[in-house]
Structures are given as C-alpha cells and as structure tokens.
Amino acid sequence: MHYNEWLELIERLRNTSSVSDKLKFINEKENNNIKDLLIPKIYELIKYKFDKAINKIISNINNIYYDVNYLDLNLVIFKKEVLFIYDLIFNNQLTDNDKEKLGNMLKSESNKVYDILLKKSYEFDQTGILKMNINNNRIKWSDKNEL
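All values reported here derive from a predicted model rather than from experimental measurement.

Engineer: Whenever I open this one, the packing of aromatic side chains confuses me. Can you help?
Structural biologist: Enumeration over the complete set of coordinates arrives at five aromatic pairs. On the basis of an interplanar angle of 55° and a centroid distance of 4.9 Å, the ring pair of Tyr86 and Phe90 is categorised as tilted. Relative accessible area serves as the criterion here: at 12%, Tyr86 is assigned to the buried category. For Phe90, a relative accessible area of 36% puts it in the partly exposed group. Sitting above the plane of the Tyr48 ring, Arg14 keeps its charged end 4.2 Å from the centroid.

See below:
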C-alpha cells in the first residue's frame, strides 16, 4: 500500500467509526518503508478520535443528567468510540512501546471522564441511579471479553 492510500485510509477512519474492514486491514498490514511517516499520522488520528468522543460527552453534559436513557445512550456511544480507538492503537504500524504508552493513556483519560461524570452526577441525583448507570456503562479494562 502506498503512502497516499494510507493517508486516505486514515482520513476515512478519522470521519467514521464503522470501517471495521479498514481497521482490520490497518491492523494486519505492516509497511516498514513508510512506517516512520505513518506513526505521527496514527498518533494524530487517535488523539483526534478521543478528543471528539470527549467533546460529544461535554456538549451533552447539561442534558444527560436529566434523562437516564439519554445518559445511557451517550455512555454507550462513548464506550463504543473508546473501544474503537483501543483497536486503532494495537496495529502493526506502532511499536510495542507506543502501543503500551497510548493504551495506558487511553485507559487513564477515559477513567478520568467517568470519574468526572460520577462526581457531577451527585449534584443531580442523590438516589444513586445515575451513578449506577455510569458504573454499569464504564469500560472494564480487565475484562478481555469487553475489549
């Protein structure tokens, strides 16, 4: 695959999270000739996708605590996007060190998002229903079936 084709693939991945066949391709093919050029592009893609996922939660923060179903929907979408990013991280273009560093960053930052949502939920609901909903939708990083 040529460098321009890789750039097109990365751009398609940037704009959607439903390109599982392309994700499979990026995870299987390794191109040592242009690897050094692709690594920064993949880093940028991962950062962009994660920032976009967080911004979706932030833009709905005022509404999600008033409707449990809407909160649940937003948490499911966030979880789906984070797991897609997790799959992006573990591709053959990145080194093992990069994969570990990005994987740890993704886990840490997504856990911070959940912690912020939990803290904010106490302002709206003293019964704990929102907290329970957030905890049930939280990514369980130790559960390999979920990943």
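Engineer: What's the story with the pattern of salt bridges in this structure? I'm lost.
Structural biologist: Side-chain pairs of opposite charge can arise whenever the charged atoms involved come near each other. What the rule picks out here adds up to eight salt bridges. Notably, a salt bridge pairs Arg138 with Asp115, separated by 2.8 Å at the nearest N-O pair. Of the two residues, Arg138 is situated in the segment after α7 (129-137) and Asp115 in helix α6 (residues 96-124); the sequence distance between them amounts to 23 residues. Using a relative accessible area of 17% as the deciding quantity, one classes Arg138 as buried. Among the salt bridges present, the one from Lys120 reaches Glu123, with a minimum N-O distance of 3.4 Å. In this pair, Lys120 and Glu123 both sit in helix α6, three residues apart, roughly one turn of the helix.

Engineer: Is there a simple way to explain the nonpolar core in this structure?
Structural biologist: In summary, soluble globular proteins display a tendency toward joint burial of nonpolar side chains. Counting 37 residues, the largest nonpolar core has Ile46, Phe50, Phe78, Val82, Leu106, Leu117 and Ile134 as its most contacted members. For this core, the secondary structure elements donating two or more residues are α1 (3-15), α3 (35-59), α5 (68-89), α6 and α7. In terms of residues, this core owes the most to one element, α5, which gives ten residues.

Engineer: Just to check I follow, could you spell out the environment of Val82 for this structure?
Structural biologist: By the secondary structure assignment, Val82 is in helix α5. A sequence separation of 28 residues divides Val82 from Ser110, and the C-alpha atoms of the two residues are 7.7 Å apart.

Rules of the game
- Residues numbered from 1 in each chain as written.
- Predicted model: local features only at pLDDT ≥ 70, side-chain atom pairs only at ≥ 80, totals over all residues.
- Heavy atoms only, no water.
- Phe/Tyr/Trp six-rings, centres within 6.5 Å; stacked < 30°, edge-to-face > 60°.
- Buried < 20%, exposed > 50% of the residue type's maximum accessible area, 1.4 Å probe, protein only.
- Lys NZ or Arg CZ within 6 Å of the ring centre and 35° of its normal.
- Salt bridge = Lys/Arg side-chain N within 4 Å of Asp/Glu carboxyl O.
- Helix = DSSP H or I, 4+ residues; strand = E, 2+ residues; numbered from the N terminus.
- Core = buried A, V, L, I, M, F, W, Y, C linked by side-chain atoms within 4.5 Å.

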